[in-house]
2 protein chains.
Amino acid sequence: MPSSTTDKSAGSRRDQILREAARLFASRGFHGVGVDEIGAAVGISGPGLYRHFAGKDAMLAELLVGISGRLLAEGKRRKAEAEDAHSALESLVRGHIDFALDDRPLITLHDRELDRLRESDRKLVRQLQRQYVELWVEVVREVYPGLAEPEARACVHAVFGLINSTPHSTSAPRSTPAPGRTAMAFLLHRLALGAFGAAADGQPSRHDHPFE
Amino acid sequence: MPSSTTDKSAGSRRDQILREAARLFASRGFHGVGVDEIGAAVGISGPGLYRHFAGKDAMLAELLVGISGRLLAEGKRRKAEAEDAHSALESLVRGHIDFALDDRPLITLHDRELDRLRESDRKLVRQLQRQYVELWVEVVREVYPGLAEPEARACVHAVFGLINSTPHSTSAPRSTPAPGRTAMAFLLHRLALGAFGAAADGQPSRHDHPFE
DNA sequence: GGCAATAGTTAACGACCACTAACGTGACCA
DNA sequence: TGGTCACGTTAGTGGTCGTTAACTATTGCC
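Computed from a prediction, not measured in an experiment: that's the story for all the values here.

About the thresholds
Residues numbered from 1 in each chain as written. Chains lettered and ligands numbered in written order. Predicted model: local features only at pLDDT ≥ 70, side-chain atom pairs only at ≥ 80, totals over all residues. Heavy atoms only, no water. Helix = DSSP H or I, 4+ residues; strand = E, 2+ residues; numbered from the N terminus. Buried < 20%, exposed > 50% of the residue type's maximum accessible area, 1.4 Å probe, protein only. Contact = heavy atoms within 4.5 Å. Areas by Shrake-Rupley, 256 points an atom, 1.4 Å probe, with all protein chains shown as cover. Axes fitted to C-alpha atoms, helices over the stretch in contact; angles between N-to-C directions. Parallel < 35°, antiparallel > 145°, perpendicular 65-115°, else oblique. Left-handed = near helix turned anticlockwise from the far one by under 90°. Nonpolar A, V, L, I, M, F, W, Y, C, P; charged D, E, K, R; others polar. Phe/Tyr/Trp six-rings, centres within 6.5 Å; stacked < 30°, edge-to-face > 60°. Least-squares fit on C-alpha atoms with pLDDT ≥ 70 in both. Near = heavy atom within 4 Å. Polar contact = N/O pair within 3.5 Å; in protein donor to acceptor, adjacent residues only side chain to side chain. pLDDT = per-residue confidence, 0-100.

Colleague: Is there a simple way to explain the overall build of chain A in this structure?
Modeller: A count of helical and extended segments in chain A gives eight helices and zero strands. In chain A, the order of α-helices and β-strands from amino to carboxyl end is α-α-α-α-α-α-α-α. In chain A, which comprises 212 residues, the share counted as buried stands at 50%. Counting contacts in chain A only where the partners sit at least 6 residues apart, residues at least 24 apart contribute 71% of the total. A total accessible area of about 10,300 Å² is found for chain A, and carbon and sulfur atoms account for 52% of it.

Here it is in structure tokens:
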């Protein structure tokens, strides 16, 4: 039984393993998942994974570096292609929402298992994350010049939390059905922009900043 | 070296252990922390913890049940004491923000390590969480009658994500200082209410509330 | 003083787990 | 045909970790 076309796997074996590992890590935590389990999820058993990865840590590292890099690259692209700041912000929001809705396990790992990385990888991921945040902050401050930089950064973090919250809401069956994907995307879009707008309202435009 | 008055511990030894366990669980994950480490954090070593708790699982269970119960109780109290729906929502937001800012480790555990519980405990925690969400949903729909129930629930989840995002933003030192506690609380308050307002805007139904 | 309770200690045990070693097997190819 | 390489397998190993056992010290009570 050679490769044929594996059930629902589009890419290589590596990609299949990464996808299943992401799912398992997200649902039970990095330390809560054994290599045997990851192997079983792709049809091979245990140490066979070591033909594809140096170790369990390497899988997590590749996942986190990959996701951070993709977020940043996509963000840069969207900002560059937008005509003005306002549409850039909308595009950023839309892109992040798509990401959160389509790659739930990755977005969960992204802010949950960062500390399980080797020092060097963690540094790299944090740098990519920081660049991504700064990209948002620039756009947000261009749209709302009244926002001071620390406030804008806090807002961006909060909106990330808002958008990234969707994976958590899949816990239990409801009496009333949850909104579908497109409705959810639309709703999150409104929520995120509404939050930014509310942050800018009543902000002294010249800002001599009011913390503490 | 007996008890004297332990450094900064207000309550009993149990409480001290719980506090340190929460901090460690939040920063390195339930599986990532060993009992020896928890013991060391309170000055005793390893198995001494078993004089106070049945096991590591029991600590997590008590933490999660405790926090869920406190959130719900406080939420009920605030709703009951509010004069109208709008001030009830404001009070709920304020309460949840205070909680997120003052008990960061707990709020992190709350939506991260739920699956590490025994079936019965997990069921209990989920029930408390659900009641808390429903309490919010009722208030939100009273303030914004145009919101359908599923949308309102999604909004509540999203706003929780927004408010709960604050613990994650403490990762690295910044060039510009982060907002202080009171400024952060104020900002989160505006963000949360702004998000709710934006969710209700453009929603078809009969809402006619004057502001916004 | 005797005695029980409380709150620790160290040593050890058993399970689990990431990883390695040694081996097998089919595909491709000169 | 025979060699090599990609990709598995099972068995084993060393280390970690939760938990228990056995023992000790301090404290308050009669």
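Colleague: Hey, could you run me through the packing of helix α3 (residues 56–81) of chain A against helix α4 (residues 85–102) of chain A in this one?
Modeller: Packed helix pairs are characterised by how far apart their axes lie and by the angle those axes make with each other. Residue and element names in this part refer to chain A. Axis separation between α3 and α4 bottoms out at 9 Å; the angle between their running directions is 150°. It follows that α3 is roughly antiparallel to α4 by the angle criterion. When you trace α3 past α4, the crossing you get is right-handed. Here α3 contributes Ile67, Arg70, Leu71, Gly75 and Arg78 to the contact with α4, which in turn contributes Ser91, Leu92, Arg94, Gly95, His96, Asp98 and Phe99. Looking at the contact of α3 with α4 residue by residue, the class counts come to four nonpolar, four polar and four charged.

Colleague: What is the right way to read the packing of aromatic side chains from this model?
Modeller: Two numbers describe a pair of aromatic rings. These are the distance of the centres and the angle of the planes. On inspection of all chains with the given rule, the structure shows ten aromatic pairs over all chains. Consider the rings of A:Trp136 and A:Phe196, whose centres lie 6.4 Å apart with planes at 35°: the pair is tilted. Here A:Trp136 is found in helix α6 (residues 119–143), whereas its partner A:Phe196 is found in helix α8 (residues 181–200), with 60 residues between them in sequence. Residue classification places A:Phe196 among the buried residues on the basis of a relative accessible area of 0%. Between B:Tyr132 and B:Phe160, the aromatic rings sit 5.5 Å apart at their centres with planes inclined by 10°, giving stacked as the arrangement.

Colleague: Sorry, what's going on with the relation of the copies chain A and chain B here?
Modeller: Both copies of the chain are tied together by a single rotation about an axis and a shift running along it. When chain A is fitted to chain B, the best match, at an RMSD of 0.0 Å, comes from turning it 180° and sliding it 0.0 Å along the axis. Seen this way, the second copy is the image of the first under a two-fold rotation axis. Take the interface residues of chain A: 93% of them recur as interface residues in chain B, which is what a same-surface contact looks like.

Colleague: What is the right way to look at the protein's contact with DNA strand C in this model?
Modeller: Near DNA strand C lie 15 residues; those nearest to it are A:Tyr50, A:Lys56, B:Arg13, B:Arg51 and B:His52. Take the atoms of DNA strand C that sit within 4 Å of the protein: sugar and phosphate atoms are 55% of them. B:Arg13 places a side-chain nitrogen or oxygen 2.4 Å from a phosphate oxygen of DNA strand C. In the model, a phosphate oxygen of DNA strand C is placed 2.8 Å from a nitrogen or oxygen of the B:His52 side chain. Of the residues assigned to the surface near DNA strand C, the class counts are six nonpolar, five polar and four charged.

Colleague: Help me understand the packing of α3(A) against α6(A), please; the structure alone is not making it clear to me.
Modeller: All names here are of chain A. Following both chains from N to C, one finds α3 and α6 inclined at 20°, their axes separated by 9 Å at the closest point. Accordingly, the angle class assigned to the pair α3 and α6 is roughly parallel. As for how α3 packs across α6, the hand of that crossing is left-handed. For the pair formed by α3 and α6, the contact residues are Ala61, Leu64, Val65, Ser68, Gly69, Leu71, Leu72, Gly75, Lys76 and Lys79 on the first element and Asp121, Leu124, Val125, Leu128, Gln129, Gln131, Tyr132, Leu135, Glu138 and Val139 on the second. Partitioning the contact of α3 with α6 into residue classes produces eleven nonpolar, five polar and four charged.

Colleague: Whenever I open this one, the confidence of the model for chain A confuses me. Can you help?
Modeller: The predicted coordinates of low-pLDDT regions are not to be read in fine detail. All names here are of chain A. Confidence in the prediction for chain A averages 90 pLDDT; 89% of positions are at 70 or higher. When the criterion is pLDDT under 50, residues 1–9 qualifies, and its contacts beyond four places in sequence or with other chains add up to two contacts. Low pLDDT, under 50, characterises residues 205–212; the predicted model gives this stretch 15 contacts beyond four residues in sequence or across chains.

Colleague: Looking at this model, I keep getting lost on the protein's contact with DNA strand D. Mind explaining?
Modeller: In the region of DNA strand D, 15 residues are neighbours, and A:Arg13, A:Arg51, A:His52, B:Tyr50 and B:Lys56 sit closest. For DNA strand D, the backbone makes up 48% of the atoms found within 4 Å of the protein, where backbone means sugar plus phosphate. Residue composition of the surface near DNA strand D, grouped by class: six nonpolar, five polar and four charged.

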